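# Notes for the structure review
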Amino acid sequence: MGNINKLTPDKLKVECNSKVFEFTDTSKLEPLQGLIGQDRAVKSMEFGLKIKTRGYNLYLSGQIGTGKTSYAQGYVKSLAEKEKIPDDWCYVYNFDKPNQPIALNMPAGMGVVFQKDLDEFIKIIKMELKKAFESEDYEREKSEISKNFLVKKDELIEKLNEDAKEQGFVVKTTNSGIYFLPIVEGKTISEDEFGDLADDVKHEISKKSDVIQRETMDIIRKIKNIDKESEEKIKVWENKIALFAVGMQTNDLKEKYNGYDKISEYLDKLQINIFTNLDEFRDEEVPEDQQQVLLPWLMKNMDSTEKYRVNLLVDNGSLKGAPVISDYNPTFYNLMGKLDYENEFGSMTTDFTMIKAGQLHYANGGYLIIQAKDILSNYQSWEGLKRVLRTGEVSIGCVKEELGLVQVSAIKPEPIPVELKVIIIGNSYLYQMLLDYDEDFKKLFKVKVDFDDEMDRNEENIKKMAQFISSYCVNEQLLHFEKTGAAKIIDYSSRLIENQKKMSTKFNDIVEIISESSAWAEIEKSKKVRAKHVKKAIEEKVYRSNKYDEKLQEYLNEGRIIVTTKGEKVGQINGLSILDMGDYSFGKPNRITANTFIGERGIVNIEREVEMSGTSHSKGVLILSGYIGYKYAQDIPLTLTASLCFEQMYGGIDGDSASSAELYAVLSSLSELPIKQGIAVTGSVNQKGEIQPVGGVTEKIEGFFALCSAKGLNGEQGVIIPQQNEINLVLNDNVIDAVKKGKFHIYSVKTIDDGIEILTGVKVGKKSKQGNYEKGSINYLVYEKLKKYAKIVTNCGKDKK
């Protein structure tokens, strides 16, 4: 039994020596800048943000609490402050296509100015045009133009009268038209009198009537042309007045925004539209009898100049650098923008002034940070985001239109080009799912920023952790930590990941203990946080969550769950498992039993037979058959059935960490050598008999130790673990004290042979060159039993013949 390694107390835990710190308390330290122990993530982040090629967006992957979000926000903001401020964006009316508003961009801060300039421009020209059209000069010139054309019309009417008189007719003009009354014997006759005339007279009158009517139609056409010419001349005159009233203001705007081609083009069309619609600037009074009827219908469109307004969509005037937007509610409309609607008498109406920006508009020219679970829970948002990244522009629309269900938008705003970095923060599982099932993801998010959940426990990182403690205390206004308190936080960090050479980067769990330690220090009226306060915080945190651990321990102590910690039993062993309650996990001992007998079924896993065994556990059990066959059935047939069972296990079981314990129980049953019940076992085994590392060794040991303590320590109890798991030991002080006093033992083993010797106290026995095992050894007893089984089966076969 020379390979047996009984661990000394110094191997069970690594404690941070507070002498490594040169400060008295963390208030003397410089706040931490950046991350600790995430070199890979930092380099990936720097690369992903520097490369400007399309498709190089970032996915930050890692466990919850590793600081992904806070780091991303802090680092991106520091980078964005040095970058160019992006343009403002606004929507204006499209005079050519009213249902397609035009998007205009201009330097940051100019959007507000442009909006005010247009408001002031419209205000001024309304006043100027009103004054111009109400002036005496305007009325005089308009009257003169009308008078001149009226003279021409009168001349034509006079000529018509003279010609009609010559033909024997009198012209009568009414609102409904022009009529000709024939003159007979010096007087006009009525229609009835016309019917009494002789036929030849009627015929003569009709001939003359045709001639005069043709002349009348010609004169009416000339009058219409005169009216049209009059209106045009008045229009030209009005445009001259409008140009005089508006031109100076328009020229000032054009000069101010010279160099912005799209704005200049818009101003040109705006001026033309004003000249085309001068009537909209006149104050026409509604007749009193129509006011009550018309007023409600005019409320929305009362101001005819509303189309000249500017809808300032994005105002970056107050930014200092590029924008950094964190969106925690990326619904489709929040992300892409939307059109608001108003209900007017049962009809939904909208216009370009009701276009609202989304987070993509605000992040344009900068960075958008989104949580993966938030964006992926909104399918349309995810599809919309990918489309924006593919096309490089964002279009404002409707979810129903996106789904192709219905056409509802009354207007189609011009898409706005976007250039930004999207940073998605999530876990590794979601990253892999997107990689496997979303063909666009790999094209659009080419940079993976992978956050590790652990870092090396070296002097540099230890000191940085102290700086982190200082930063957190300052930010959250907590009590600062003495060096002993900081050292305890370091030890707790290692315990979180159960590794003596590593520290956890799950800062969310660490800051909980920092906050709670400060609270316990305040309760004790201490000015600084010491080691005892950290210890108290850890104990209290465990106490708040370990109800089920205590209940299970109670059942074990009372014997309702049968686990023996003293004496020896054949084919019976204590295995160790982990129960995870989500916020708390703990070790639990299980009695494992094995019965062996003649048969050909090999190792029978009772849990698998009743479908309570997971795939990993079933695989571990199948490996046992491979080991036994390889070691003992080289020259004899393997005629064995071994029944394995986790006693009093009523839920499912998975994992292969109990496979070594199961093999020990089978070997004990075959050799008929009893196993020490005071020693529990964890560790998996391969087909060659090598012990492999498992998880949760610290919690498993502490769970079995608690049971042994409750039932009484006798100096013979302990736990066997894989040798590779020595580095994972971060045991509590109670276990370490018991080991120091020789009341409890921790063994580490490399092979099944090492473990079975500890459990039985009998040598395993090596195979001689002649192929025989040392008499009385474990291997000898097992081989002899299997040989006996084989002989019985062979003889039974002969008897049947």
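Everything numeric in this text was worked out from a predicted model, so none of it was measured. (Residues numbered from 1 in each chain as written. Predicted model: local features only at pLDDT ≥ 70, side-chain atom pairs only at ≥ 80, totals over all residues. Heavy atoms only, no water.)

### Topic: the overall build of the chain
How we decide: Only DSSP runs of H or I reaching four residues or more are called helices, and only runs of E reaching two or more are called strands; each is numbered from the N terminus. Here's how the labels work: a residue is buried when its accessible area is under 20% of the maximum for its type, exposed when over 50%, partly exposed in between, all with a 1.4 Å probe on protein chains only. We call two residues in contact whenever any of their non-hydrogen atoms come within 4.5 Å of each other. For the area figures, the Shrake-Rupley method with a 1.4 Å probe applies, and any residue is considered shielded solely by the protein chains shown.
Per the secondary structure count, the chain includes 27 helices and 31 strands. Looking at the chain as a whole, 46% of its 801 residues are labelled buried. For the chain, long-range pairs separated by at least 24 residues make up 77% of all intrachain contacts whose partners lie at least 6 apart in sequence. Just so you have it, the chain exposes about 42,000 Å², and 49% of that area is on carbon and sulfur atoms.

### Here we look at helix α16 (residues 459-476)
To keep things clear, this is the line we draw: Expected helix span is given by 1.5 Å per residue-to-residue step, counting one fewer step than there are residues.
Here α16 contains 18 residues, and its C-alpha end-to-end distance of 26 Å stays within 8% of the 26 Å for a straight helix at 1.5 Å per residue. Where α16 is concerned, the buried positions are Asn 461, Ile 462, Met 465, Ala 466, Phe 468, Ile 469, Ser 470, Ser 471, Tyr 472 and Cys 473. Considering only its buried residues, α16 is in contact with β19 (454-456), α17 (483-497), β20 (502-504) and α18 (507-523).

### Structural notes on the sheet that holds strand β14 (residues 367-371)
Applied cut-off: Here a strand pair is declared whenever DSSP counts at least two bridges between the two strands. Here, axes are lines fitted to C-alpha atoms. For helices the fit covers the stretch in contact, and angles between N-to-C directions go from 0 to 180 degrees.
Ordered by their spatial adjacency, five strands build an open sheet running β9-β14-β17-β2-β18, and the pairing between neighbours is parallel. Whereas interior strands pair on both sides, the edge strands pair on one side only; in this sheet they are β9 (324-327) and β18 (447-450). Strand-to-strand twist across the sheet, computed as the mean angle between neighbouring axes with direction ignored, equals 20 degrees. Note: strand β2 (residues 58-61) against strand β17 (residues 421-426), four bridges, orientation parallel. Across the sheet, the residue bridging to Leu 60 is Ile 425, located in β17. Along the sheet face, helix α1 (residues 39-50) touches β2, β14, β17 and β18 and points at about 155 degrees away from the line of β18. The strands that helix α2 (residues 68-80) touches are β2, β9, β14 and β17; relative to β14, the one it contacts most, it runs at about 175 degrees.

### Focus: the pattern of salt bridges
To keep it simple, the criterion reads: Within this document, salt bridges are pairs made up of a side-chain nitrogen of Lys or Arg and a carboxyl oxygen of Asp or Glu, the two lying within 4 Å of each other.
Per the stated rule, a full pass over the model turns up 31 salt bridges. With a shortest N-O distance of 3.7 Å, Asp 450 and Lys 448 are connected by a salt bridge. Since its relative accessible area comes to 29%, Asp 450 is described here as partly exposed. Across the pair Lys 464 and Glu 460 runs a salt bridge whose closest N-O atoms are separated by 3.3 Å. Here Lys 464 pairs with Glu 460, and both are found in helix α16, just four residues apart, close to one helical turn. Among the residues examined, Lys 464 registers a relative accessible area of 25% and is labelled partly exposed. Members of the salt-bridge network, linked through shared partners, are Glu 383, Lys 386, Arg 390, Asp 438 and Asp 440.

### Thoughts on the sheet that holds strand β8 (residues 311-314)
Spatially, three strands are ordered β4-β3-β8 in an open sheet, and the strand pairing comes out antiparallel. Each edge of the open sheet is held by one strand with a lone partner, namely β4 (102-106) and β8. Across the sheet, the axes of successive neighbouring strands diverge by a mean angle of 30 degrees, strand direction being ignored. Bridge count between strand β3 (residues 88-92) and β8: three bridges; the pairing is antiparallel. Counted as the bridge partner of Trp 89 is Val 314 from β8. Lying over the sheet, helix α7 (residues 261-276) contacts β3 and β4, oriented at roughly 130 degrees with respect to β4.

### A short note on the pairing of strand β25 (residues 640-646)
A large share of β25 lies buried, amounting to seven of its seven residues. Burial of β25 is two-sided: the residues Leu 640, Ala 642, Leu 644 and Phe 646 facing one way and the residues Thr 641, Ser 643 and Cys 645 facing the other way are all buried. In terms of strand pairing, strand β23 (residues 585-598) meets β25 through seven bridges, oriented antiparallel. If you follow Thr 593 over to β25, its bridge partner there is Cys 645.

### Observations regarding unusual backbone geometry
Positive phi values are uncommon outside glycine, yet Gln 477 reaches one of about 55 degrees. Mapping Gln 477 onto the fold places it in the loop between α16 and α17. In this structure, Lys 525 is a non-glycine residue whose phi angle is positive, near 60 degrees. As for its position among the elements, Lys 525 is in the loop between α18 and α19 (531-545). Judged by relative accessible area, Lys 525 falls into the exposed class, the value being 75%.

### Section: the confidence of the model for the chain
For the record, the criterion: Across the chain, each position has a pLDDT score giving the predictor's confidence in that residue, from 0 to 100.
Averaged over the chain, the pLDDT score is 83; the fraction of residues at 70 or greater is 80%. Confidence drops under a pLDDT of 50 for residues 284-302, and excluding neighbours within four residues, the segment shows eleven contacts in the predicted structure.

### Concerning the side chain of Lys 68
As a reminder, the rule being used: Only four residue types enter the tally: Lys and Arg on the positive side, Asp and Glu on the negative side; His and the chain ends are excluded. Nitrogen and oxygen atoms within 3.5 Å of one another constitute a polar contact, given that in protein one can donate a hydrogen and the other can accept it, and given that sequence-neighbouring residues count only through two side-chain atoms.
Looking at the element boundaries, Lys 68 is found in helix α2. Asp 450 provides the closest opposite charge to the buried, salt-bridge-free Lys 68, at an N-O distance of 8.8 Å. Here Gly 62 takes part through its backbone oxygen, which lies 3.2 Å from a polar atom of the side chain of Lys 68. A polar side-chain atom of Lys 68 sits 2.8 Å from the main-chain carbonyl oxygen of Gln 63. Setting aside its immediate chain neighbours within four residues, Lys 68 contacts Leu 60, Ser 61, Gly 62, Gln 63, Ile 425, Gly 426 and Phe 451.

### A closer look at the packing of aromatic side chains
Going by this rule: Two rings belonging to Phe, Tyr or Trp (six-membered ring only in the last case) form a pair when the distance between their centres is within 6.5 Å. Interplanar angles under 30 degrees mark stacking, angles over 60 mark edge-to-face geometry, and anything in between is tilted.
All told, the structure shown has 21 aromatic pairs when counted by the stated rule. With a centroid separation of 4.9 Å and an interplanar angle of 35 degrees, the aromatic rings of Phe 21 and Phe 23 are classed as tilted. Neither residue differs from the other here; Phe 21 and Phe 23 are each classed as buried. Their ring planes at 20 degrees and their centres at 5.6 Å tell us that Tyr 71 and Tyr 75 sit as a pair that is stacked. Here the residue Tyr 71 and the residue Tyr 75 both occupy positions in helix α2, the gap between them amounting to four residues, near one helical turn.

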